[in-house]
Each structure stands twice: as structure tokens, then as C-alpha cells.
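A structural walkthrough
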Amino acid sequence: MGTTAPTGSKKDLTGKGAKGGILSATAQREILRKAGAGDVSMKESRVTGTRGGLVELKVTGWQKSKVAGTSDGGVSNLIQWLEKKASSRLGSRGRSVKIRKSQVQEPDLIIKVASEDVGALVRMNGYSWAGINVGIERLGGAVQDASGQSNETQKLKDMFKSVLERRYDFETKFLNMSALAEDQDLKDKKLFDTKSTESKFFPAMMKVLEAQFDKPEEKDAAVTSLSLANNGLEELTAVKELSATLPKLLNLDLSNNKFANLNALIPWRKRFYHLQHLIVTGNPLEQTEPNYAQTLTNWYPNLRQLNGIQVRTEEDIANKNKVSNLPFPIRSAIFQDEGGIAEGFIRKFFPAFDTNRKELAQHYYDDKSEFSYSVNTMAPADPENSQKTEKGEWEQYLKSSRNLKRISQLPARQSRISRGSQAVATAFAALPATKHPDLIAEARKWLIEAKMIPGVPDPSGASANGVDGFLITVNGEFDEVSSGKRRSFDRTIVLGPGAGPDGVRIVSDLLTIRGFGGMQAYEPENVDVSVAQPQPVQVPVPAAPVEPAPPALPAGLSLELAEQMVQELSKRTNMTIAYAKDCLDQTGWNGDAALAAFESVKGSLPPDAFVQPVA
């Protein structure tokens, strides 16, 4: 929002300049009509007491009604109708609107109401009552506060609230924040005359918006579409609070601004996870970024439409969100990924933990990351394990173990949490050297789960409610290099966006180490290794992910050998593990036939058939 008013045409004020628009043209015209009349109410369900004194409203046109012949000229009938009508539109909690004072000042009726009730009454401007249309408008904001003194801060808040109410459509849940520099109320306050007032305006507006709701869920449900069109925006600094205030927006219009390239939008790259429709037409980036459409589609995994053009179908979204046992051959209860982030992290993390822990700590942990570990010496051992417990074998671990059943004092518990990459590196160095099984060749020794979670702390501080991240749980085993002892472990990692080379950081890392307990719990049940009939060669396109099922392999082919064949085919073709396995399935697990099938159809395979480099 520059210090000068945007130069976009009037027809673009609601995003109609963008193909298709967030809302239909009819809906947009209706919203503007209501906005001009003040016939909107943002908060339909808030129940609070009177705040900041009373507000005066003027009611016009009432004297020519059908009940004008009554003793009071219809005033009592009009007040009763206003209260009933306004109360019925305030939402499910049924707030009772009361007109506190009224006085006839020819030819108008002046009424005084609580500030919370202003929106409900003003939006009734033009409503029909007793055969005529009444006019309702506001007279200069809050009259007095409880002490009788004018409150400039409250007046400014009331003005912001009034602007929001005028620009909000309850039926479509659309907040029209386009062309703000042309809004007369904002211009009268000279909010765009200096950079100082301009930079404070939007954050203040978002605070007022948040204050209208008791719970974040109510706010998210009330505003699902928003337009910032025609605001002269060159970058997002002035409006960055939007992603924290309305993180679950479904539709966003950024058309007819001055975004020169995609770098201007990067602060919102990992925001608005639920976004379904985005409009960026009328920005210079359309010419400077030839691949902007694909990039923005990748940024927002649930995006259906970009500039009114479909980029994903509902079926695409449904298939993407289905739980699969991939990317690892071992069947996992849940493995939900986004853009290969979780998979890429796991593939890098454990080999690096075995070979270069110092670099690992610098790569994935930052100053706010936390790591702790605990030793469980009482965990049941594998009955088939021949190794015996030796005296003192846990000594190297116990000094810094944070087993809360053994450590009861708060200072001791806190001192065993390593915070920051340097402290994490020191803690890593104190642990014995390890060797974990290969993730692919020995996949049966792992149980890996991942799912997306909200509320992960935002390192930038822009989102008070946090951002989306991953909860990754890993159960497995490792060998101690020095002693040759085999241990079982459980690791829970919270992964979020970060400034590191891969764009992610470890927020929390909890490691539990115990005696080797075997891998029986990870073994698939009812594995069928009976003869499977060879399948005719087909295009190796996997079906939509389904619930994990036991693999059916040809006679004489063990699961370990099958895993090695999948890995080899993936390396030679660059196909993902999923596509490589399907290709072998469809060629009867004949390696040469699988390669031939791949060569014949590789030009028609989709991009997600191939391993993508980790960003």
C-alpha cells in the first residue's frame, strides 16, 4: 500500500480484473452495494457487555410509515422492530440488541446503542418497515466513555471496525480489503500520508479483526476469502500479519498490485496451507517469471485454481492426501509427506548421525532447537537375543539421561535438555558411535511414521499461532561401534520450516535408548511368499495409493532380495521406490523386462514418477 492511491480501474476493486475472480461478478457487485450502504456485519455471534460508551445513530424516512397515525407517530413500534430485527441477525448466540436512548429531532429519530450493536443496526439501512424504507446511519462514532471524556484510541478502533464491517460479506465469508488507499474513512484519518502511519495501519486492522472473535476457530470460519487487489503492493512487509491472522484462508486475491517477481511473495511460501484459489493477475511477475504458475502451484499443495484456471482436480487432492506405506518398503501405519520433505529429511538424518554428527547439528538444529535423550534399562529384551547385559554398559549414557521416572527435580530435568546447535553437537559427541541399518536394504528393521501437524513454532515470529510441520516417529535399532552391542531406540522429531540449506529445522528431538528388543513388532503379518503369476508387461503407472497389503512375490524370491531389486531399478532409472516396485510387479519381477518396459514408456511418465532433488 503505497502513499499514493492505486491507479487500478474501479471495476477491479473486487478482483474482477482477475480471470474468474474469487467470487462471481454478481456476488461482487452485491457485496459492493452492501458495503456502500453499510449493510454488513462481521461478527454475528459475539456476546459481550457494553464497551466504551454509547454510539449515536440517525434513523430517517420513518415519519411516512403506515403507523404514523399512532399516538407517538410510530416511534415505539419502530424501536421494537429495530431491536427485534437486529437481534435476529447477530448469530447463533442470539445477542439481544437494545436501544438505550431515543429522541425525535425533526425530521429524524436519534437513537443511542452500545458500540457492539452498531454494525447490526447500520446494516439495516434501506430495510423495509411499515410500508417504507428506513435509513440508518452513524453520527460520529463513540459519544463518550464512562468518564465522560472523548477517547481518540477508541474512536480509531471503532473506525477500523466500521471499515471492516463495511467491507465484509457474511453470506460469502468474503473480506474485501482491495484499494484501501481509496477508502474515504481511511483517507480522512490520513493513514497513507506517511510511511510511519502506513506501516502501522494494517497490523492495527488485523488486531481489531482478531478482537471481534472469541476463538480462532470462529475467525477462521467467518473469513474464508479475502482480496488485497489494487493496493499498489510491491512486497508483503506491510501486510505480512495476514498469514498469522487468517492462516486458513481458502481464497486470496492479490491481483493488480506491483509484485515484480516471486521473491516478493516468498514470505508467504509456507503459509496458507489450505489455500484453494489464488489470483495474481495484473502483476509484473506474469512477464518476469515465465514459470510462476508451476512455482505457485508447488508452493500451495491444496491449490485448485490459479487465476481462475484449474491446476488440480479434487481427485488429485484426494489422492495426494491418501496415506501410503511408501516411500519405504516396510509397511508403516502412517506416512504422510509433502513435497518429499519428510522422506528427504529421514534419508539424510540417520546416515549423518552415524558419520558426521557435528555437521548434522549445524545443518538441522538452530538456536531454538531442543534435544534430549533418556535410557530405559528396564525395557523387555528380545527373547531370541543371545547378547547378555554387562555391568556398567549403560554408564556412558546415564550421566545425561533425562528419564523422567528417575529424574524428579526440575533443575536436573532442565539441565539435561540441550538447546541450540552447539549444545546439541556437544550432546551428540558424548554418545557412543553408532551404525544404523540401511534404510532400503534393511527396511524391515525400521518402523517410520510421519504426519503433518499444525502449531509448530514459527522461527520468524510472524505467526503467533504457529505453522504447519511434521511429527516424525522412528522405531528401530543400531549397533554401538565400540562395543558391538545392539540397541533398540525410539525417536520423536518435530520438524518445521527453517533457514537451513534444506529449508527445514528440527524443533524438538526426543531419543529413547533401550536394550535390544527385536523387530517382531515391525514384521508384516501373514506375509504371502507363494507363487505369483507373472503379469503382462504394462505401462508402469502405479494405481492410487491404498491401504498397505502383504506383498506377493514369486517363488524363491525373498523379501530382502525384492527390496534390493527395487533399490537397483530405482537407481538405474531414477524412478521413485513406488514406481520401481510397480514396474517390477507388472513384469513378474524380471529385472531385464522391467528395464525394457521403463525405456518404452519413460517419456509418458508424470514428473512425480521420478526422484526429485531435495531443496
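See the structure printed just above.
Residues numbered from 1 in each chain as written. Predicted model: local features only at pLDDT ≥ 70, side-chain atom pairs only at ≥ 80, totals over all residues. Heavy atoms only, no water.

Points about the overall build of the protein
Regarding its fold elements, the protein presents 19 helices and 20 strands. Scored against the burial criterion, the 615 residues of the protein give a buried share of 48%. Considering only contacts within the protein whose residues lie at least 6 apart along the sequence, 70% involve residues at least 24 apart. Summed over all atoms, the accessible surface of the protein reaches about 30,000 Å², with 51% contributed by carbon and sulfur. (Helix = DSSP H or I, 4+ residues; strand = E, 2+ residues; numbered from the N terminus. Buried < 20%, exposed > 50% of the residue type's maximum accessible area, 1.4 Å probe, protein only. Contact = heavy atoms within 4.5 Å. Areas by Shrake-Rupley, 256 points an atom, 1.4 Å probe, with all protein chains shown as cover.)

Digging into the pairing of strand β18 (residues 467-480)
For β18, the buried fraction is high: ten of the 14 residues fall into the buried class. Here two bridges tie strand β16 (residues 434-435) to β18, and the two strands are oriented antiparallel to one another. Opposite K435, over in β18, you have D479 as the bridge partner. Relative to β18, strand β17 (residues 447-456) is paired through eight bridges, and the arrangement is antiparallel. Its bridge partner lying in β18, K451 is registered against L471. (Pairing = 2+ DSSP bridges.)

Quick look at unusual backbone geometry
With an omega of 0°, the peptide bond running from E106 to P107 counts as cis. Within the element layout of this structure, P107 appears in the loop between β2 (99-105) and β3 (108-114). A positive phi angle, near 50°, is found at A130, a position not held by glycine. Relative to the elements of secondary structure, A130 occurs in the loop between β4 (128-129) and β5 (132-133). A relative accessible area of 23% means that A130 is categorised as partly exposed. Residue N307 is not a glycine yet carries a positive backbone phi of 55°. For N307, a relative accessible area of 6% translates into the label buried.

Examining helix α17 (residues 559-573)
In this model α17 runs 21 Å from its N-terminal to its C-terminal C-alpha over 15 residues, within 8% of the 21 Å that 1.5 Å per residue would give. Of all the residues in α17, the buried ones are L559, A562, E563, V566, Q567, L569, S570 and T573. Projected down its long axis, α17 carries its buried residues within an arc of 165°, all on one side. Exposed residues lying more than 90 degrees from the buried face of α17 are K571 and R572. (Expected span 1.5 Å × (residues − 1). Arc of directions from axis to C-beta.)

Quick look at the packing of helix α12 (residues 341-355) against helix α13 (residues 357-364)
Contact geometry of α12 with α13 gives a least axis separation of 7 Å together with a crossing angle of 145°. When α12 is examined against α13, the residues F345, K348, F349, A352, F353 and T355 are found in contact with a partner set consisting of R357, L360 and Y364. Here the residues of the contact of α12 with α13 are counted per class, giving six nonpolar, one polar and two charged. (Axes fitted to C-alpha atoms, helices over the stretch in contact; angles between N-to-C directions. Nonpolar A, V, L, I, M, F, W, Y, C, P; charged D, E, K, R; others polar.)

Some thoughts on the pairing of β2
Alignment of β2 against β3, held across six bridges, turns out to be antiparallel. Counterpart to S102 in the pairing with β3 is I111. The turn linking β2 back onto β3 is made up of two residues.

A short note on the sheet that holds strand β10 (residues 251-253)
With mixed pairing, the seven strands of this open sheet are ordered in space as β7-β8-β9-β10-β11-β12-β13. Where the open sheet ends on each side, the last strands, each with one partner, are β7 (168-169) and β13 (309-310). Taken together, the three bridges between β10 and strand β11 (residues 277-279) define a ladder with parallel strand orientation. Directly across from L252, in β11, lies its bridge partner L278.

Focus: the environment of R486
By secondary structure assignment, the location of R486 is in strand β19 (residues 486-497). Overall, the relative accessible area of 30% leaves R486 in the partly exposed class. Here the alpha-carbon distance between R486 and G515, two residues 29 residues apart in the chain, equals 7.4 Å. A polar side-chain atom of R486 sits 3.0 Å from a polar atom in the side chain of D479. (Polar contact = N/O pair within 3.5 Å; in protein donor to acceptor, adjacent residues only side chain to side chain.)

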